[in-house]
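# Per-entry structural report
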Amino acid sequence: MTPVPPARDRLRIAIQKSGRLADPARALLASCGLSWRESRDRLFCYGETLPVDLLLVRDDDIPGLIADGVCDLGVVGRNVLAEQGADRAANDRPAAFREWRSLGFGSCRLALAVPEGWAWQGPAQLAGMRIATSYPALLSRWLAEQGVAAEVVLLSGSVEIAPRLGQADAVCDIVSSGATLAANQLKPVATMFESEAVLAGPVAELDAVRGELAALLLRRLDGVLRMRHSKLLLFQAPRAVLPSLLPLLPDAEAPTVMQVDGADELALQALCHGAVTWQRLEELKRAGARGLMVLPVEGMLA
Ligand code: ATP
Ligand code: ZN
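Residues numbered from 1 in each chain as written. Chains lettered and ligands numbered in written order. Predicted model: local features only at pLDDT ≥ 70, side-chain atom pairs only at ≥ 80, totals over all residues. Heavy atoms only, no water.

The condition is simple: UniProt positions are given in the numbering used here, feature names are shortened, and annotations may be inferred rather than shown by experiment.
As named in an unreviewed UniProt entry, the chain is ATP phosphoribosyltransferase, taken from Novilysobacter luteus. In its Catalytic activity (unreviewed entry) section, the UniProt entry covering the chain states "1-(5-phospho-beta-D-ribosyl)-ATP + diphosphate = 5-phospho-alpha-D-ribose 1-diphosphate + ATP".

Written out as structure tokens, the structure reads:
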């Protein structure tokens, strides 16, 4: 039976203790205005600016901690969340966690890889083969969708070495650059699942106090995510060139245009959501803009 957690009035977020997602997850939460007092064992960090605490764990534990109500939210790879979700579904257990937001870092994909020497002709070729993976539920689901009967060999680590050890014919593993596969004489032939880090939370609603804290955090997070690649562009220009400047700012929200005192000169302020490159600044300068200044935007509350 699922243990009933004691009522809590603080929000608890699980993040990876160490690994690829640990630092970016913490930095993202910090950019939402959270800060913590480190504990000596470094497993629990007490929230200082808001009643939002961190629990530092292995990424694989995060969906279960949410399902059991030990944690309210977690930052985890979509691959881990989907695998455990697919496993619950395959075992007729109700959905207990879901993706709340995608976070734009930790991107990778779950791919099928075969020995470099194979001439790949499609999934049907896998019939009767052994495929090593740490993602048995996602692999089984994909095989079923392809209508292929293959044997799933569950390995908890070093999946890519399995074909060389004779444990499997092919592998299904997380790939980002593909360098690890290449080092093991494997080549990716199919993408099963695109992944990145996500904020995970329960399917059921949180109670009032923690629900309100989560809503506050989401509002800040949305501001941070939205502004992540945005820049504030400030410059001046003669009024006459305004029509030739605006087309150079297609990704900007309606710019603020101010009259500079006593001159036929304007000061402009534009929030650009696309890349503000040197080339763009040079084009604006050629079109008559002066004193161009690019400022980072840390957050926004709409
Ligand atoms: P833990 O000790 O917490 O179990 P781990 O070894 O399972 O750590 P990491 O290797 O740190 O986990 O990967 C965490 C997540 O980072 C993955 O689940 C995945 O979502 C993402 N990721 C991004 N690129 C890669 C990659 N090239 N290989 C593996 N994971 C990647
Ligand atoms: Zn892990």
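## A closer look at the sheet that holds strand β16 (residues 290–296)
In plain terms, the rule: Strands were regarded as paired on the criterion that DSSP finds at least two bridges between them. Put simply, DSSP marks the helices as runs of H or I at least four residues long and the strands as runs of E at least two long, and each gets a number from the N terminus on. Lines are fitted to the C-alpha atoms to define the axes, a helix being fitted only along its stretch in contact, and any angle between axes, read from their N-to-C directions, falls within 0 to 180 degrees. Residues count as neighbours in contact if any of their non-hydrogen atoms are within 4.5 Å of one another.
A sheet is described by the order of its strands in space; here 4 strands give the open sequence β14-β15-β13-β16, paired in antiparallel fashion. Each edge of the open sheet carries a strand with a single partner, namely β14 (256–259) and β16. For this sheet the average axis-to-axis angle between neighbouring strands, irrespective of direction, equals 15°. Here β14 runs beside strand β15 (residues 265–272); their pairing, made up of 4 bridges, is antiparallel. Paired with threonine 256 across the bridge in β15 is glutamine 269. On the sheet, helix α9 (residues 278–286) packs against β13 (231–238), β15 and β16 and is oriented at approximately 150° with respect to β16.

## Observations regarding the coordination of the zinc ion (ligand 2)
Put simply, the test is: Excluding water, the donors of a metal are its N, O and S neighbours within 2.8 Å, or within 3.2 Å for Na, K and Ca, and that exclusion means sites may look incomplete. Every geometry call rests on angle ranges, with four donors termed tetrahedral when all angles are between 85 and 135 degrees, four termed square planar and six termed octahedral when opposite donors are over 155 degrees apart and all others are between 65 and 115, and everything else termed irregular. Think of it in three bands: with a 1.4 Å probe and only protein chains considered, a residue is buried below 20% of the maximum accessible area for its type, exposed above 50%, and partly exposed in between.
Taken together, the protein ligands of the zinc ion (ligand 2) are Asp59 (OD) and Asp60 (OD), with distances of 2.1 Å. Angles of 72 to 177° at the metal separate the 4 donor atoms of the zinc ion (ligand 2), which places the site in the irregular class. Take aspartate 60: its relative accessible area is 34%, and that puts it in the partly exposed class.

## Quick word on the nonpolar core
Taken as a class, soluble globular proteins show a tendency for nonpolar side chains to be buried jointly. To keep it simple, the criterion reads: By nonpolar core we mean a set of buried residues, namely Ala, Val, Leu, Ile, Met, Phe, Trp, Tyr and Cys, connected to one another through side-chain atoms within 4.5 Å. Annotation comment: domain bounds sourced from an automatic or database domain assignment.
By size, the foremost hydrophobic cluster in this structure holds 34 residues, and its most contacted members are Leu126, Ile131, Trp142 and Met192. Within the residue set of this core, elements represented by two or more residues are β4 (52–57), α2 (62–67), α3 (78–90), β7 (108–115), α4 (136–146), β10 (170–175), β11 (186–195) and β12 (197–202). The element best represented in this core is α4, accounting for 5 residues. Each of two domains, domain 1 (11–106 + 197–227) and domain 2 (108–195), supplies a minimum of three residues to this core. Among residues more than four places away in sequence, those in contact with leucine 126 are Leu112, Trp118, Trp120, Ile131, Trp142, Leu143, Val148, Ala149, Ala150 and Ala170. Judged by nonpolar contacts, the second largest core, of 29 residues, contains Ala25, Leu73, Leu213 and Val224.

## Things to note about the UniProt feature "domain: ATP phosphoribosyltransferase catalytic" (unreviewed entry) in the chain
Taken from the UniProt record, the annotation "domain: ATP phosphoribosyltransferase catalytic" (unreviewed entry) applies to residues 58–207. With 26% helix and 33% strand, residues 58–207 has its two end C-alpha atoms placed 26 Å apart.

## Observations regarding the packing of aromatic side chains
Aromatic ring pairs are reported here in terms of the distance separating the ring centres and the angle at which the planes meet. We count it as follows: Here a Phe, Tyr or Trp ring, Trp counted by its six-membered ring, pairs with any other such ring whose centre lies within 6.5 Å, and the pair is stacked when the planes are under 30 degrees apart, edge-to-face when over 60, and tilted otherwise. We count a charge as sitting over a ring when the NZ of a lysine or the CZ of an arginine lies within 6 Å of the ring centre and within 35 degrees of the ring normal.
Inspection of every chain in the model, using the stated rule, returns 0 aromatic pairs. Taking the ring centre of tyrosine 46 as reference, the NZ or CZ of arginine 10 above it sits at 3.9 Å.

## Quick look at helix α7 (residues 208–227)
Since there are 3.6 residues in each turn of an α-helix, residues three or four apart along the chain are aligned in direction. Basically, it comes down to this: Expected span of a helix, by definition, is 1.5 Å for each gap between consecutive residues, and there is one gap fewer than residues.
Look at α7: 29 Å from first C-alpha to last across 20 residues, which is about the 28 Å you get at 1.5 Å a residue. Among the residues of α7, Arg210, Leu213, Ala214, Leu217, Leu218, Leu221, Gly223, Val224 and Met227 are the ones counted as buried. Looking at the packing, one finds that the buried side of α7 touches β1 (11–16), α1 (22–31), β5 (73–77), β6 (97–102), β12 and β15.

## Re the pattern of salt bridges
Using the following cut-off: Within this document, salt bridges are pairs made up of a side-chain nitrogen of Lys or Arg and a carboxyl oxygen of Asp or Glu, the two lying within 4 Å of each other.
Applying the stated criterion to the full structure yields 16 salt bridges. Measuring nitrogen to oxygen at the nearest pair gives 3.0 Å for the salt bridge that ties arginine 8 to aspartate 72. Taken together, the positions of arginine 8 in the segment before β1 and aspartate 72 in the loop between α2 and β5 put the pair 64 residues apart, joining distant regions of the chain. The exposure class of arginine 8 is buried, given its relative accessible area of 13%. Arginine 210 is the salt-bridge partner of aspartate 207, the closest N and O atoms lying 2.9 Å from each other. On the accessibility criterion, aspartate 207 (31% relative accessible area) is partly exposed. A single salt-bridge network, built from bridges that share partners, covers Arg8, Asp72, Asp207 and Arg210.

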